[in-house]
Amino acid sequence: MGVWLNKDDYRRDLKRVMLCFLIVYMAILVGTDQDFYSLLGVSKTASSREIRQAFKKLALKLHPDKNPNNPDAHSDFLKINRAYEVLKDEDLRKKYDKYGEKGLADNQGGQYESWNYYRYDFGIYDDDPEIITLDRREFDAAVNSGELWFVNFYSPGCSHCHDLAPTWRDFAKEVDGLLRIGAVNCGDDRMLCRMKGVNSYPSLFIFRSGMAAVKYHGDRSKESLVNFAMQHVRSTVTELWTGNFVNSIQTAFAAGIGWLITFCSKGRDCLTSQTRLRLSGMLDGLVNVGWMDCATQDNLCKSLDITTSTTAYFPPGATLNNKEKSGILFLNSLDAKEIYLEIMHNLPDFELLSANTLEDRLAHHRWLLFFHFGKNENSNDPELKKLKTLLKNEHIQPCLAVFKGQGTKEFEIHHGKKILYDILAFAKESVNSHVTTLGPQNFPANDKEPWLVDFFAPWCPPCRALLPELRKASKHLYGQLRFGTLDCTVHEGLCNMYNIQAYPTTVVFNQSNIHEYEGHHSAEQILEFVEDLMNPSVISLTPTTFNELVKQRKHDEVWMVDFYSPWCHPCQVLMPEWKRMARTLTGLINVGSIDCQQYHSFCSQENVRRYPEIRFFPPKSNKAYQYHSYNGWNRDAYSLRIWGLGFLPQASIDLTPQTFNEKVLQGRNHWVVDFYAPWCGPCQNFAPEFELLARMIKGKVKAGKVDCQAYAQTCQKAGIRAYPTVKFYPYERAKRNTWGEDIDSRDAKEITTLIYEKLENLQNHGKRNKYAGLSLLWPLPLQSTGSGGTGSAAMAHRPSHSAACGIFPDWSTNPRPLHRQVDSQPLHHQGSPYVYFLRGSSYKQIWSEF
């Protein structure tokens, strides 16, 4: 039986079929386009080390070098390589989590290394549990924790680093528990290595909080490394005998510290001196380590019921003559690591606080508090028992939240790694900073004080990396801005109320105004962001204010304007740089921005065809509407500032040999001079900065420029050996030295500060010379009307006009040394018009020429 369809029905059914096919096709596309975390097979909570390990495993499996017959090998590898490049970088990872791949338009990547690189050079120590690979965010927390660290700075392509690797692994196992062994990959963290002064690989450094880093220069054998490390381990082993035994034990017990004592007698093994030293270092601050020779202290050993070689731990308060009832721990092992672990397990757990006593205890002391639900898992980690000793100087009781001594109102919860050095760093930072954990009960929704609130999730690595930077920033803004953090996994409703869609999201609440922070995760940039909110450097323009301030500007005003759209990623990247640039141009160039999404028609009228569009509006003239567009490759603050300053009229003075001699060397003004060559690239880059300097010091110091290509002899006399060279020539009433004073900086603000400091010192020096004690006197011949010679008692003290180099003007053709006046009586000279009364550092009459 057939069914006839009319034309309209046929078309309708065909559209439905095509729609079904389209839906299926799109589903296939979405299903095959895995996100970066899925590509690497890691969760969103993965650490940098986990991401690196996952990528290495995939790289060795999927690399095109190992899959020559797979035509898709290259494209498949590019996908995982792209995923790794993004997720290993905190800033890119945050953008990806928030915007997806659309937020990474400027970071496309596309290059990768050979298979051998991933097999042998990539993450050398990632699979070694005794070696902790530290990145830039973790490094400071680790080395400032109070523990001893020995860190290997290496480069993946360095053959000597690979030669050292097996020895470094053996060494790490040998000293495990005695000190921390770390590694820093300078290929991934170049900036960190540069900051630590690493200029060759491998470089090995010892770090401990409160002391300068110590570099290792010995041979790279395990024995030499162990000997060097042991020199920095705090280890004291006490030999106990009848004369010191009782006092040593009682003193330690009174401080709450127990004793580990090895008793040595003939015929049985006891702990070697090396093992005792290792245990002393491992138990530093927790347990005292001692030994007793029972051959010479037979009576003392017998009184303790010790009849053979043995090792025992005596906890504080132990009754030495009643072993079974006092909890003395007898140890059968001779291995340092086994003894250490057994003692750590037997050290007392943290104090348990009840709900009834919590508020009272927190009100009077700082606490590091562990919260547990049901079974206390902290007791399984003996390392955490070191916290009380390592936090002793911070006056924190470890009992994981830090309570800051104000009851339950001020506290911060730890969201980092549950390892000793990370908890130590958190406790020390938190108790000295001003960051508070927020919830519905204390969220500053209607607070009159301004707040910076970080909305985060504990599983998010960029969130955890931002927290220590917030603590640093809070110290600088104490009293101006309060800091708080809100865990969106706990307070989801509160985060939804503020439309939080990605983590971390950092927002400043200033009563009804809300400002979202989009910059990098560093304290410095957070401070810049807040400073810009308090004192805006960029003027937000509307079509009306643009016409009033820019188009109708005064004849001597200039403007730089950024035409942007909020959805544009390059615009988002530019904004913090634009604000940073504006702060450096305050008073010289007006800086503004206009939102072309909000004022789309206006931007179209202004012929804005791309974002961001940066324009410079020069001093107004009778010409038609005029501006210059920025077409440079770099959109950083420095490049934009140099570009803008290049349009300003010259504020410095071009000097010739004649004017340099007349105005600089013989004139009565202070001068700063830029010696340059026209062909020199650094000179061209520095030229706008020097013009900025000339404007900053205008009215106090004159600025000049000397072309060393045109006037080579002048520059040679001034001792110029490189371009550009900046010299300062202060006026001190004496003829100035041609060499002047070198200024090593190339930053206008720094140079201004240096010059003003020199001028202040010069002024203070002049005052000291004017009022200083005149006990050491220089001769000034006086014409005698009586004898026709120089009076023997006529003397005067005249301050130097060139104190920097110690040169005195030649006031006479034959100066004579003066003698110190002992009796402080008036000095008279017959016929002299200058008579001085000197007493100590005072004077009654001053020489008229001063």
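About the thresholds
- For every chain, the first residue of the written sequence is number 1, and numbering continues from 1 onward in sequence order.
- Selection of residues for local features in this predicted model requires a pLDDT of at least 70, selection of side-chain atom pairs for listing and counting requires 80 or more, and totals for whole chains, interfaces and linings are taken over all residues.
- Side-chain measures here rest on the full set of heavy atoms in the structure, leaving out hydrogens and waters.
- Two strands make a pair as long as DSSP finds a minimum of two bridges between them.
- Helix and strand definitions follow DSSP, with helices as H or I runs of at least four residues and strands as E runs of at least two, each counted in order from the N terminus.
- Axes here mean lines fitted to C-alpha atoms, for a helix over just the part in contact, with angles spanning 0 to 180 degrees between N-to-C directions.
- By definition in these notes, contact holds between two residues if any of their heavy atoms fall within 4.5 Å.
- In a helix, the anticipated span is given by 1.5 Å times the number of residues less one.
- The angle separating two fitted axes, one through the seven residues that finish at a residue and one through the seven that start at it, defines the bend at that residue.
- Throughout, exposure labels follow a simple rule: accessible area from a 1.4 Å probe, protein chains only, divided by the maximum for the residue type, with under 20% read as buried, over 50% as exposed, and the rest as partly exposed.
- What counts as a disulfide here is a pair of cysteine sulfur atoms lying within 2.5 Å.

Q: For the sheet that holds strand β25 (residues 653–655), give the residues involved together with the corresponding values.
A: The five strands are arranged β25-β27-β26-β28-β29 in an open sheet whose pairing can be described as mixed. The outermost strands of the open sheet, each flanked by one partner alone, are β25 and β29 (741–743). Shown here is a sheet whose adjacent strand axes are inclined to one another by a mean of 35°, direction ignored. Judged from the three bridges that link them, β25 and strand β27 (residues 702–707) form a sheet pairing that is parallel. Bridge pairing links D654 to K705 in β27. Across the sheet, helix α25 (residues 657–665) touches β25, β26 (671–676), β27 and β28 (725–729), and the angle it forms with β26 is around 155°.

Q: Explain helix α8 (residues 159–174) to me, and be specific about the residues and the numbers.
A: Compared with an ideal rise of 1.5 Å per residue, which puts 16 residues at 22 Å, α8 spans 24 Å between its outermost C-alpha atoms and is within 8% of the ideal. Maximal helix bending in α8 amounts to about 40°, located at A165; proline P166 follows within four positions. Three or more residues of α8 are buried, namely C161, L164, A165, W168, F171 and A172. Residues of α8 that are buried make contact with β1 (131–133), β2 (149–154), β3 (180–185), β4 (203–207) and α10 (222–232).

Q: How would you sum up unusual backbone geometry? Please name residues and give values.
A: For the bond running from Y611 to P612, omega is -10°, close enough to zero to count as cis. With respect to the secondary-structure elements, P612 resides in the loop between α23 (600–605) and β23 (613–617). Residue P724 is bonded to the preceding Y723 through a cis peptide linkage, with omega at -15°. For D305, which is not a glycine, the phi torsion comes out positive at approximately 60°.

Q: Describe in detail the state of the cysteines, supporting the description with residues and values.
A: Applying the stated rule across the entire model yields seven disulfides. At a sulfur-sulfur separation of 2.0 Å, the disulfide partner of C186 is C193. Taking the torsion about the S-S bond as the criterion, the C186 to C193 disulfide, at about -90°, is left-handed. Residue C186 is classed as buried on the basis of its relative accessible area of 2%. Of the residues examined, C193 reaches a relative accessible area of 1% and is grouped as buried. With a sulfur-sulfur separation of 2.1 Å, C264 is cross-linked through a disulfide to C270. Between C264 and C270, the S-S torsion sits near 95°, and that sign places the bridge as right-handed. You can call C264 buried: its relative accessible area is 10%.

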